[in-house]
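Residue strings, one per chain:
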Amino acid sequence: MTKKDLTIGMLGFGTVGSGVATMIRDNEKELTQRLGVKVKIGKIVVRDMEKERGTYVDHGVLCSNVSDVIHDPDIDVVVEVMGGIEEAKYAIQESLKAGKPVITANKDLMAIHGHSLLRLAHENSCDLYYEASVAGGIPIIRTLEDGLASDRISGIMGIVNGTTNYILTKMKEEKWSYEEALTKAQELGFAESDPTSDVEGLDAARKMAILATLAFSMEVHLEDVSVEGMTAISTEDLELAEQFGYSVKMLGFAQRDEDGIDVSVEPVFLASSHPLSSVRNEYNAVYIYGDAVGETMFYGPGAGSMPTATSVVSDILAACRNLLLGVGGKRSHNPMNSRHLKGEDHQSAQFFHRLLVKDEIGVFSELTSIYSKHHASLGSIIQRPGEKEGEAEVILITHSLSRKNQGEIINELKASSSVKQIISNYRVEGGVK
Ligand SMILES: NC(=O)C1=CN([C@@H]2O[C@H](COP(=O)(O)OP(=O)(O)OC[C@H]3O[C@@H](n4cnc5c(N)ncnc54)[C@H](OP(=O)(O)O)[C@@H]3O)[C@@H](O)[C@H]2O)C=CC1
Ligand SMILES: N[C@@H](CC=O)C(=O)O
Ligand code: NA
């Protein structure tokens, strides 16, 4: 291909799209130097042509029809930053079929249709890059695809949703209510338009499915991720965690051993000494265990206009470079390992249980016999007076046990006449204190 300026067609001009346009304008010199040719935005598709735009844009480039971009022969690279599933999927498929490399920030789409879209990209000798879809400003996809490609990854633990980490930080440090913190996260623009997917863990689950696919070279699907949201976490739980040397974090896990893989998103009591415990506000961090490298951690902003644009524009550079060299779409999407999900009997973790029990002789020994019957040994067991006469609170931290056994313990505790309430039940990570 002879070297000419390259033209981007962008689908969407919201938080991310406007950051991309700003970066291409402000970093023009650096980008041109790195690529050897100039990159310019030729067209931008928006929904509302009349809307006031905070970022400068030549109104001649705005259009309202996706087809105006994907079928325009002058557009070399398509950037999908409009979000949603069906229309975005159609636009990406058509662009790839038309031989145009695509960059997307769309985690919702990649978590569901990523496998088929990546195959389509390879079949059409086009690149499909999606760095911004997980941990917006952290180059985590490149890290798994390239930086750690030589190693065998056995586990990932990550804070991959900025909204929930922001809420938990503000509830703990500023004593804000859950509602206040969520409203502020929405105002600051990190929460999804419907924040249910943030607080119920679905946004993090999508990101963990994408990361697990890359880490384990396996087709991990969104349905493979077990998800528990954060809405049941109380201020009391946060205080209690602190007293015991933990912080409460919404963590994504992807773990693999000889029994298979286990991918989850859940609220966790994380030891305060663990590096992920110090990740505050809307920041993201991904902790990766490789057999050879050992422990690594990648930290940075997980969302926001310019951090996310950094990943999108780096992807644009990579796609443009390949286009100029005529080597686009060479990376095949061909997971090496067949997917085998662990059953609950092979998924193990430690647990923190807080129970309200009758303050009577024999209750303590009944409790310990329930735990030992289900093969749970206890790291700590503490009894405190309850608020009412005749009640006591018991806090138990188990050693590692299977989720199956933990489920059986919970069922038995619920059925016991000595147990009035299971106040809280959390997975514990980072060592029993
Ligand atoms: N915001 C963030 O920090 C991050 C976002 N992402 C992902 O990036 C993508 C974009 O997010 P974000 O920029 O926040 O979203 P916004 O809602 O801010 O912007 C969406 C843009 O797309 C346009 N648009 C939406 N639907 C259509 C449609 N059907 N036809 C034409 N134009 C359309 C909108 O037009 P109009 O302006 O006229 O309304 C708007 O310009 C999403 O997939 C998101 O998950 C990923 C990482 C971080
Ligand atoms: N809602 C998401 C935005 C980025 O993916 C988050 O809070 O992390
Ligand atoms: Na990223």
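Residues numbered from 1 in each chain as written. Chains lettered and ligands numbered in written order. Predicted model: local features only at pLDDT ≥ 70, side-chain atom pairs only at ≥ 80, totals over all residues. Heavy atoms only, no water.

Caption draft 1: Looking closely at a nonpolar patch on the surface. Together, Tyr283, Met297 and Tyr299 make up a nonpolar patch on the protein surface, roughly 280 Å² of accessible area in all. Note that Tyr299 resides in strand S12 (residues 294-301). Judged by its relative accessible area of 48%, Tyr299 is partly exposed. (Patch = residues over 30% accessible without salt bridge, like charges linked within 9 Å, V, L, I, M, F, W, Y side chains within 5 Å. Areas by Shrake-Rupley, 256 points an atom, 1.4 Å probe, with all protein chains shown as cover. Salt bridge = Lys/Arg side-chain N within 4 Å of Asp/Glu carboxyl O. Helix = DSSP H or I, 4+ residues; strand = E, 2+ residues; numbered from the N terminus. Buried < 20%, exposed > 50% of the residue type's maximum accessible area, 1.4 Å probe, protein only.)

Caption draft 2: Examining the UniProt feature "active site" (unreviewed entry) in the protein more closely. According to UniProt, the "active site" (unreviewed entry) feature falls on Lys207. With respect to the element layout, Lys207 can be found in helix H10 (residues 202-216). For Lys207, the residues in contact, after removing those within four places along its chain, are Lys107, Ser133, Val134, Val160 and Asn161. (UniProt positions renumbered as here; feature names shortened; annotations may be inferred. Contact = heavy atoms within 4.5 Å.)

Caption draft 3: Layout of the coordination of the sodium ion (ligand 3). Note on the sodium ion (ligand 3): its protein donors are Glu131 (O), Glu131 (OE), Val134 (O), Ala135 (O) and Ile138 (O). The metal-donor distances range over 2.3 to 3.0 Å. Mapping the donors of the sodium ion (ligand 3) onto the primary sequence gives the spacing E-x2-V-A-x2-I. The burial state of Ala135 is the same as that of Ile138; both residues are buried. (Donors = N, O, S within 2.8 Å, 3.2 Å for Na, K, Ca; no water.)

Caption draft 4: Spatial organisation of the pattern of salt bridges. Per the counting criterion, the structure on display carries 31 salt bridges. Notably, a salt bridge pairs Lys107 with Asp203, separated by 3.2 Å at the nearest N-O pair. Of this pair, Lys107 sits in helix H5 (residues 107-123) while Asp203 sits in helix H10, placing them 96 residues apart in sequence. For Glu412, the salt bridge identified is with Lys373, shortest N-O distance 3.1 Å. Remark: Lys373 occurs in helix H13 (residues 363-373) and Glu412 occurs in helix H14 (residues 403-415); sequence separation between them is 39 residues. With a relative accessible area of 24%, Glu412 lands in the partly exposed category. Residues participating in the shared-partner salt-bridge network are Glu236, Asp237, Arg354, Arg384 and Glu393.

Caption draft 5: Main features of the domain arrangement of the protein. We note that the domain assignment places domain 1 (5-136 + 305-325), domain 2 (140-301) and domain 3 (344-429) within the protein. Taking the mean C-alpha position of each, domain 1 and domain 2 sit 27 Å from one another. Taken together, the contact pairs 18 residues of domain 1 with 18 residues of domain 2. Regarding the contact of domain 1 and domain 2, the summed buried area is about 1,600 Å², with carbon and sulfur atoms giving 58% of it. One can count 6 salt bridges joining domain 1 with domain 2. If you look at where domain 1 meets domain 2, you find 9 residue pairs in polar contact (both at pLDDT 80 or more). The set of elements that each furnish at least two residues to the side of domain 1 that touches domain 2 consists of H5 and helix H12 (305-325). Residue composition of the side of domain 1 that touches domain 2, by class: 9 nonpolar, 4 polar and 5 charged. (Domains from an automatic or database assignment. Buried area = accessible area lost by both parts, 1.4 Å probe. Polar contact = N/O pair within 3.5 Å; in protein donor to acceptor, adjacent residues only side chain to side chain. Nonpolar A, V, L, I, M, F, W, Y, C, P; charged D, E, K, R; others polar.)

Caption draft 6: Quick look at helix H7 (residues 162-173). With 12 residues, H7 should reach 16 Å at 1.5 Å per residue; the first-to-last C-alpha distance of 16 Å fits that figure. Of all 12 residues making up H7, 10 are buried, and the element is well covered by its neighbours. Every buried residue of H7 is accounted for by Gly162, Thr163, Thr164, Asn165, Tyr166, Ile167, Leu168, Thr169, Lys170 and Met171. In the core, the buried residues of H7 are packed alongside strand S7 (153-159), helix H8 (178-188), helix H9 (196-199), helix H11 (235-243), strand S9 (246-257) and strand S11 (283-290). (Expected span 1.5 Å × (residues − 1).)

Caption draft 7: Structural context of the nonpolar core. Grouped together as the largest cluster of nonpolar side chains are 76 residues, with contacts concentrated most on Ile140, Ile156, Leu211 and Phe352. The leading source of residues in this core is H10, at 10 residues. (Core = buried A, V, L, I, M, F, W, Y, C linked by side-chain atoms within 4.5 Å.)

Caption draft 8: Structural detail: the UniProt feature "domain: ACT" (unreviewed entry) in the protein. Under the present numbering, the feature "domain: ACT" (unreviewed entry) in UniProt falls on residues 352-427. What you have in residues 352-427 is 32% helix and 45% strand, and the ends, taken at the C-alpha atoms, are 6 Å apart.

Caption draft 9: Seen up close, the site of ligand 1. Near ligand 1, the surroundings consist of 22 residues, among which Phe13, Asp48, Lys51, Arg53 and Gly304 are the closest. Asp48 is positioned with one of its backbone polar atoms (N or O) 2.7 Å from an oxygen atom of ligand 1. Take Gly304: an N or O atom from its main chain is 2.7 Å from an oxygen atom of ligand 1. Relative to its free-state accessible area of 900 Å², ligand 1 is covered by the protein chains to the extent of 83%. Split by residue class, the shell around ligand 1 holds 9 nonpolar, 7 polar and 6 charged. (Near = heavy atom within 4 Å.)

Caption draft 10: Just the packing of aromatic side chains, in detail. Going through the model one piece at a time under the given rule, you end up with 8 aromatic pairs. A centroid spacing of 5.8 Å and a plane angle of 40° characterise the contact between Tyr246 and Phe269, whose relative ring orientation is tilted. Here Tyr246 is found in strand S9, whereas its partner Phe269 is found in strand S10 (residues 260-271), with 23 residues between them in sequence. Residue classification places Tyr246 among the buried positions, given a relative accessible area of 1%. Look at Phe269 and you get buried, because its relative accessible area is 0%. (Phe/Tyr/Trp six-rings, centres within 6.5 Å; stacked < 30°, edge-to-face > 60°.)

Caption draft 11: Summary view of the pairing of S11. Burial analysis of S11 places 6 of its 8 residues in the buried class, which makes it a mostly covered element. Sheet topology places S7 next to S11; 6 bridges connect them, and they run antiparallel. What sits directly across from Met157, in S11, is Tyr287. Between S11 and S12, which pair antiparallel and follow one another directly, the connecting turn spans 3 residues. (Pairing = 2+ DSSP bridges.)

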